[in-house]
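Geometric and topological summary
So the chains spell out like this:
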Amino acid sequence: MRNNKLFEMEELQRKQDNFVNLAEIKMNQFFNDNLYPIFKIMHISIYGIKLYIYIFYKKNFDLQNAVQNGYDIIIKEKYLSTLKELGYFNDYNHEVFFEFDSDENVQKHYEGSYFYRLR
């Protein structure tokens, strides 16, 4: 019984990751089309229960500029609408959390390690 439950949870996470990977492809196109200087997108999915999306700019200045101009809100809304278009919310709840940061910050405060940054 326990193995079946673990298998089900792992399968939920694999399916969740597939949705998010498709969304990342679409979002990268959106960033390129709209000239958003996004350096990297990462995510952590937790067994179909929660989703954490991390969007990194290259420099702190780019991050500050994005927040001042409301790009972070536009990006969140576009990401959520992309997930909705893909059918993500038919299978998973709306617990999607966003964090914005910069590679410059990761290099300076996390020894350049995204593993340390996401912990």
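For the structure, check the block above.
The present account deals with the structure reproduced in this document. Here the structure is a predicted model, which is why all the values come from computation and not from measurement. (Residues numbered from 1 in each chain as written. Predicted model: local features only at pLDDT ≥ 70, side-chain atom pairs only at ≥ 80, totals over all residues. Heavy atoms only, no water.)

This next bit is on helix 3 (residues 71–85). Quick reminder: α-helices carry 3.6 residues per turn. Residues three or four places apart thus point the same way. Between the first and last C-alpha of helix 3 there are 21 Å, a value that for 15 residues agrees with the 21 Å anticipated at 1.5 Å per step. All buried positions along helix 3 are accounted for by Asp72, Ile75, Tyr79, Thr82 and Leu83. One side of helix 3 holds all its buried residues, which, seen down the axis, span an arc of 100°. In helix 3, those exposed residues whose orientation departs by more than 90 degrees from the buried face are Glu77, Lys84 and Glu85. At the C-terminal side of helix 3, Gly87 shows a positive phi close to 90°. (Helix = DSSP H or I, 4+ residues; strand = E, 2+ residues; numbered from the N terminus. Expected span 1.5 Å × (residues − 1). Buried < 20%, exposed > 50% of the residue type's maximum accessible area, 1.4 Å probe, protein only. Arc of directions from axis to C-beta.)

Time to look at the sheet that holds strand 2 (residues 50–57). Across the sheet, three strands lie side by side as 1-2-3; this open sheet has mixed pairing. Two strands in the sheet have a free side with no partner beyond their single neighbour: strand 1 (38–46) and strand 3 (96–102). Neighbouring strand axes in the sheet, compared pairwise and without regard to direction, differ in orientation by 15° on average. Across the face of the sheet, helix 2 (residues 60–68) comes into contact with strand 2 and strand 3 while running at roughly 135° to strand 3. (Pairing = 2+ DSSP bridges. Axes fitted to C-alpha atoms, helices over the stretch in contact; angles between N-to-C directions. Contact = heavy atoms within 4.5 Å.)

One non-glycine residue, Leu35, adopts positive backbone phi at about 60°. Secondary-structure assignment places Leu35 in the loop between helix 1 (2–33) and strand 1. One non-glycine residue with positive phi stands out, namely Glu111, at about 55°. When you line up the elements, Glu111 lands in the loop between helix 5 (103–109) and helix 6 (114–118). Judged by its relative accessible area of 70%, Glu111 falls in the exposed class.

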